[in-house]
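Remarks on the overall topology
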Amino acid sequence: MKFLMCTDGEELAEAAIRFGGRLAKGMNADVSVLHVRRPISSSERVQLTATRKKLSSWDLDIPGVDYLTRAREILDEVGLTQVPLSKEKHSRAFEGGVQGATELYLVGAGGENVRLRLREGDPVEQILEEAQVGGYDLIILGSGGGRGIGSYFVGSTALRVADLAACSVLIAKNIRQDHNFLLCTDGSDLAEKAEIAGAEMARVLGAKVTVLSVAEDESRREEALQSARRAEMILAQMGIEAKLKVRVGPPSQEIIAEAKDHDIVVMGASGSSAVRKFFLGSVPLKVMEYGACPVLIVREKRGKIPLQAG
Amino acid sequence: MSELLKRKWIFIGLAVGFVMLMIPVPEGLTPVGMKALALVVVAFIFFMTEPVPLPGVALFIAVSQVLLGLEKPTGVAQSFMSDSVFFIMGSLMIAAAIVKQNLDKRIALAIVRLTGPRIERIVLGLVSVSAVIASFIGEHTVSAMMLPVGVALIKFTSDDRKKVKNLSILLMLSIAYGAMIAAIGTPSGGARNAIMLAYWKELFGLNLTYFQWVVAAYPIILLEIPFVAYVLYRSFSPEVKDLSPAISALRAKVEEEGKLTRQDWVTIGIFLITVVMWMTISDQIGLGITALIGVLLFMVAGVVRWEDLNNNVNWGTILVYGGAISLGIMMKQSGVAEWIAKSFLTWVEPIGIHQGVPLLAAMSLMTVVLSSFMSSGATVGMLGPITLQIASLSGTSIVQAGFVTVISTSFVYLTSVASPACNIIYGGGYLNRTDFLKAGWKLVLVSFLLLLLISAGYWRMLGI
């Protein structure tokens, strides 16, 4: 189990890392924290290298390292790492590595299950590439949910990563201490995968679970109830008791409305084709964009059951 | 995906060029001129969209000139490596030699010794010192040297970025804008200056010396420094007004270094000798050869090894400037520059901006817009032959037109990408893109007005 958490140094990202750290601890996962540094044009690269050398001669970290150091401290606080970061923190970044990625070593950093990585370039591209190269099972991103221009993880970056990633994605916004899960199902195979993953996560966090199935109109209410029952059975097999709920209306709207009383929404990735998604939008992305709580979109990686602990 | 999108501009550019070769030649242009124009347009598209790195565009220019039959191979090679290009290369090497020494810490200490701990005075100090150094060795180098100074002052003030957000922006922009306004101060301040010198000489037989350049351009920097410091200080009111703790920390850091070493003194000495040679004998032996003498002295004195130069000089830049100059010479020789200039003049005559200060204002505006979208070197390279030709045809001073074109490329305060200094500072991660806008628009206005005043007053007084 490998988690990739992304930070841009903003408070939202820090909250996401704290949450992700707790999850990783419960699921016994390997964690990498990634910061994507702003791209710089190739003609200034030589000077930037000179700047980095100068920074290290001043005993100053290269840009972005402080965000990763902070992330590491948060992971220490939640108890993911065994050896806390020493007070005297000197970092050394190693250039090169996998396709321009930089691995960061902090003196006094313990716990081999946490790695810190720096990349440079377009955030979406770099996150996706890191996720692919590193073979991660879950990407965790903080998001403000808005579309401000201030922080680059807000809004569009998170949504684009969620849309394009090959693995499961958790967009963490407005994280609360309670973890009432809302498991959305439509009875499809993909939804079933999401149910298993969501249940696993709920067990780790000791959360309550509600299963929601949405019927697009009254005539399909019975069908929706069947889907919810099936999910309930799967959860029961995993030893989790769940409440059932059926709503009628447009799926994304109904899920967003129901999510108000819950802390995390779990759903399968949209099975629609790219063309369908373009014209109709994807339900998970809409929930992610307009919903008020964290959203986990579960995707199956080939040959792997998603998000199983251990 | 975005790679593919970028590549599409190769095909669009080439298609435009191909169509231009097919359509009838417009009046006033020869068939050879049309070929040259097609190449100019394609190069322009490539410089703007960068479907391949800029040095690749330079190679494309060289190859196309020969393949289109516009110039013989040796002719292209000659225009790629003139004394001006030597000058650019030598200046970059000297800058690399200086950056290698750890003079940045001493400079930092010297600044705060002069200014004391009050932030408004430190801002003025940072802007002035960045400007003065950048006016001799270029804005790239200064931002690389001074960024750590700024970061150190921020970090020594507070480890929590959020508490010193405005202070960070203020210090970073002081360095970037200080370096940016000064690159035009002397010929060695920026490679684009060397392009303009080359155009004056190659296209109009006009020899401007290093010293004459300084006399004409330096006052602009001196006038801009207080404006930049004031506007920045007003736009980003810092959280901390007194940096005493940071200054003590900085002092301690520099004391670890001990006294100036022999090598430091040698570096400073050779650099000063080079500047004096530029001022005095470079009009006989060429700016480029003078620069190379400086580089040789650095190597002989053991201040730099070839490996240092090899790793710390951006060789691609030299190629880009070579390409730009080569293109400019071709524009003049093929009659393209004259044709564009004439068309422009017939077009603007009815609105009355066809000569004098109004014309210079229009040129400045055009330059600012263009250099916001492509590198300043490419802007001067493409626009230079045209603005000089326009000035020549309309009876406006060629020297003034040239200066306006070069100086206006420094007015790109608005984006992080348009100037190397801003790009490097932005890479430091203390700024958002929008921070550049906040103070930038005021500085564009101030600089623009200042340039027109200088041109109508000071330059006229100098008789250039």
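Right above here is the structure, for reference.
Residues numbered from 1 in each chain as written. Chains lettered and ligands numbered in written order. Predicted model: local features only at pLDDT ≥ 70, side-chain atom pairs only at ≥ 80, totals over all residues. Heavy atoms only, no water.

**Looking at the overall build of chain A**
The condition that has to hold: For the purposes of this entry, the term helix denotes a DSSP run of H or I that reaches at least four residues, the term strand denotes a run of E that reaches at least two, and both are numbered from the N terminus. For every residue, the accessible area (1.4 Å probe, protein chains only) is compared with the maximum for its type, and the residue is labelled buried under 20%, exposed over 50%, or partly exposed between those bounds. Accessible areas in this description were obtained via Shrake-Rupley with a 1.4 Å probe; residue shielding takes into account the shown protein chains only.
Across its full length, chain A carries 10 helices and 12 strands. Taken over 310 residues, chain A has a buried fraction of 54%. A total of about 13700 Å² of accessible surface is found on chain A, and carbon and sulfur atoms cover 50% of it.

**Quick look at helix H7 (residues 221–237) of chain A**
Residues and elements named next belong to chain A. Note the following rule: What a helix is expected to span follows from its residue count: subtract one and scale by 1.5 Å. The arc in question is the one spanned by the directions pointing from the helix axis to the C-beta atoms. Residue contacts are counted whenever heavy atoms from the two residues lie within 4.5 Å of one another.
Here H7 spans 25 Å end to end across 17 residues, near enough to the 24 Å set by a 1.5 Å rise per residue. Those residues of H7 that fall on the buried side of the exposure criterion are Ala224, Ser227, Ala228, Ala231, Ile234 and Leu235. Buried residues of H7, seen end-on, are gathered within an arc of 115 degrees and therefore sit on one face of the element. More than 90 degrees from the buried face of H7, the exposed residues found are Met233 and Gln237. On its buried face, H7 is in contact with strand E8 (181–185), helix H6 (189–205), strand E9 (209–215) and strand E10 (242–248).

**Side note on the environment of Pro51(B)**
Residues and elements named next belong to chain B. Along the chain, Pro51 falls in the loop between helix H2 (31–49) and helix H3 (54–67). Sequence separation between Pro51 and Gly269 is 218 residues, and the spatial gap between their C-alpha atoms is 43 Å. If sequence neighbours within four positions are ignored, Pro51 has contacts with Lys6, Arg7, Trp9, Ile10 and Phe46.

**As for unusual backbone geometry**
One can expect most non-glycine residues to show negative phi and most peptide bonds to be in trans. At Asn28(A), a residue that is not glycine, the phi angle is positive and equals roughly 55 degrees. Among the structural elements, Asn28(A) can be located in the loop between helix H1 (11–27) and strand E2 (30–37).

**Some details on the pairing of E9(A)**
All names here are of chain A. For clarity, the threshold we go by: Here a strand pair is declared whenever DSSP counts at least two bridges between the two strands. Think of it like this: strands point away, you trace from the first strand over the helix to the second, and a clockwise trace means the crossover is right-handed.
With seven of its seven residues buried, E9 lies for the most part within the structure. Here E9 shows a buried face lined by Val209, Val211, Ser213 and Ala215 and a second buried face lined by Thr210, Leu212 and Val214. Relative to E9, E8 runs parallel, the two being bridged by five bridges. Bridging from a neighbouring strand, Thr185 pairs with Ser213 of E9. The handedness of the E8 to E9 crossover, carried by H6, is right-handed.

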